[in-house]
Amino acid sequence: MIECQPMGICSWNFRLNAPGWQATLFLRTWTEQGEIKLGDRHCQVRKHGLLSGRWTLTLRGQTLFTAQKRNAFTRNVTITGPGISAELVANSLFSRRMNLSGPDIGLRIEPCHPFTRRATISGICPDPALACFAFWLTAVAWRRARKNSGSAGS
């Protein structure tokens, strides 16, 4: 299991702790871009256009994964990379839980409580960078939902 802890009470930056690795995720305040530090690797998350629904995770200029939203009205994202194709899908219309599935991939990302940003990731994923990217996209969706609804903690 991976524990996801916000770095402060109002922060959208997270520390991820898993058996054998740790990561830090940074979401920029005014954009849906940021950085993922996974061990000694410093990856950049870039959104390609304000309304594009497309993000890339890069390391030293090389694209590791690409994420593409199916449409603007869902929380469904296709993530592709070398030899990997996975779907990040909302569990239901009203839930913050997200599921990442694909060949040899089955992750569940869910908040620890309805009024917290703390979360856990459980299941199987061969690549920690993919798990981090999926959580990063989930945190962006949570932050967007909070901004749109004005509700505390979601």
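Above: the structure in question.
Residues numbered from 1 in each chain as written. Predicted model: local features only at pLDDT ≥ 70, side-chain atom pairs only at ≥ 80, totals over all residues. Heavy atoms only, no water.

Next up on the list: the overall build of the chain. A count of helical and extended segments in the chain gives one helix and 12 strands. Its helices and strands taken in sequence order, the chain reads β-β-β-β-β-β-β-β-β-β-β-β-α from the N to the C terminus. Per-residue burial over the chain gives 45% buried out of 154 residues. When the accessible area of the chain is evaluated, it comes to approximately 8,200 Å², of which 55% is carbon and sulfur surface. (Helix = DSSP H or I, 4+ residues; strand = E, 2+ residues; numbered from the N terminus. Buried < 20%, exposed > 50% of the residue type's maximum accessible area, 1.4 Å probe, protein only. Areas by Shrake-Rupley, 256 points an atom, 1.4 Å probe, with all protein chains shown as cover.)

Here we take up the pairing of strand β8 (residues 77–81). When a strand is regular, its side chains alternate between the sheet's two faces. With four bridges joining them, strand β7 (residues 62–69) and β8 adopt antiparallel strand pairing. Its bridge partner being in β8, A67 is matched across the sheet by I79. Bridge count between β8 and strand β9 (residues 84–90): five bridges; the pairing is antiparallel. Bridge assignment links G81 to a residue of β9, and that residue is I84. (Pairing = 2+ DSSP bridges.)

Relative to the helices and strands, N13 is located in the loop between β1 (2–6) and β2 (14–18). Measuring from C-alpha to C-alpha, the distance between N13 and L25 comes to 5.5 Å, with 12 residues separating the pair along the chain.

Applying the stated criterion to the full structure yields three salt bridges. When the shortest N-O distance is used, the salt bridge between R70 and E87 registers 2.5 Å. Of this pair, R70 sits in the loop between β7 and β8 while E87 is found in strand β9, placing the two residues 17 residues apart along the sequence. Across the salt bridge formed by R108 and E110, the nearest N and O atoms sit 3.0 Å from each other. Residue class for R108 comes out partly exposed when judged on its relative accessible area of 32%. (Salt bridge = Lys/Arg side-chain N within 4 Å of Asp/Glu carboxyl O.)

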